[in-house]
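# Observations on chain architecture
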Amino acid sequence: RRPPRSTQSRSSAASDVYKRQVLEHSEFYTYSSFILEEKKNTAEETQAKDQKYAISEEFTKETEQLYKASGCNVNLFKNLVFYLSRETPRISLEFVILSFSGRVIYDIDDQDFYNDASITHVITDREPKHIKFLSNREYIQPQWVFDCVNNNFLVPVKEYAPGKILPPHLSPFVDNKKEGYVPERQKKLNELKGEEEIVMDDDLEAQLVNDVVGNGTNHNENADEEEDEDDVEEVQEEFDIEKEHKLSLIHI
């Protein structure tokens, strides 16, 4: 049993303090600790890490096949390099960008940041007055990444610029046809993709079915009149047979 704190020895108390300090200052490592570009590493160290954590070709092929079967564009962010500003949700952004063939950079000094010509997009949540814009980069808020993935194409960046009021963020798990409603934002995105999502309520759909069936019946009335008469006779015969069968059971 642990003794009361007042009766602990000095060495024991010091040990507790040390343990608390270790916990408070310990670094919790994720996959990002190994796969992000690190400017401080030498070329040999970077290559060694790449080899150690490389994904096998077999796994890559299997994953690509799964993506193709689902219609998902696994190369959505290919050839794009994203710098993540420190105020952004780094872990989730990194995971999504890397999953769709993009590259991620962060934690580099200012000189490297401004001189790195490979950076194509800067993801930031800062106000424009706190940003030094470079003409060869796109500056976007984090939502742009998720909206691109949800819609399977690169959404225009204009509406996602720093300081802009963001458009509605739509869930990819809602079936608009089943719900009977397509949000205006989704209509706009579909238009950008060159798609059109038609949604009808139950009454309109029933009316359309009736119209099609009615037109089909009218169209066939003259051409297949004799066949219709034969069908009626067959149904009548089946009805008479069933009636006789029931009567015989009653007598039994």
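Below: a short report on this structure. (Residues numbered from 1 in each chain as written. Predicted model: local features only at pLDDT ≥ 70, side-chain atom pairs only at ≥ 80, totals over all residues. Heavy atoms only, no water.)

Moving on: the nonpolar core. Note that soluble globular proteins tend to have their nonpolar side chains buried in a common cluster. Within the largest apolar cluster, 21 residues are counted, with the highest numbers of intra-cluster contacts made by F77, F82, L84, I123, W144 and V145. At four residues, helix α7 (residues 143–151) tops the list of elements feeding residues into this core. By size, the runner-up hydrophobic cluster in this structure holds nine residues, among which are F113, I119, V122 and I131. (Core = buried A, V, L, I, M, F, W, Y, C linked by side-chain atoms within 4.5 Å. Buried < 20%, exposed > 50% of the residue type's maximum accessible area, 1.4 Å probe, protein only. Helix = DSSP H or I, 4+ residues; strand = E, 2+ residues; numbered from the N terminus.)

This brings us to the side chain of N151. Tracing the backbone shows N151 in helix α7. For N151, a relative accessible area of 9% corresponds to the buried category. Not counting chain neighbours up to four residues away, the residues in contact with N151 comprise Q186, L189 and K193. (Contact = heavy atoms within 4.5 Å.)

With that out of the way, let us pick up the pairing of strand β1 (residues 81–84). Because side chains alternate across β1, one face comprises the buried residues V81 and Y83, and the other comprises F82 and L84, equally buried. As defined by bridge partners, β1 adjoins strand β2 (residues 103–105) across three bridges and the pair is classed as parallel. Among the inter-strand pairings, Y83 is bridged to a residue of β2, identified as I105. (Pairing = 2+ DSSP bridges.)

Given two aromatic rings, their pairing is described by the distance between the two centres and the angle made by the two planes. All told, the structure shown has seven aromatic pairs when counted by the stated rule. Taking 6.4 Å as the distance between ring centres and 70 degrees as the angle between the ring planes, the aromatic pair formed by F77 and F100 counts as edge-to-face. A residue pair is termed long-range when its members are at least 10 positions apart, and F77 in the loop between α4 (57–70) and β1 and F100 in the loop between α5 (90–99) and β2 qualify at 23 residues. Residue F100 is classed as buried on the basis of its relative accessible area of 8%. (Phe/Tyr/Trp six-rings, centres within 6.5 Å; stacked < 30°, edge-to-face > 60°.)

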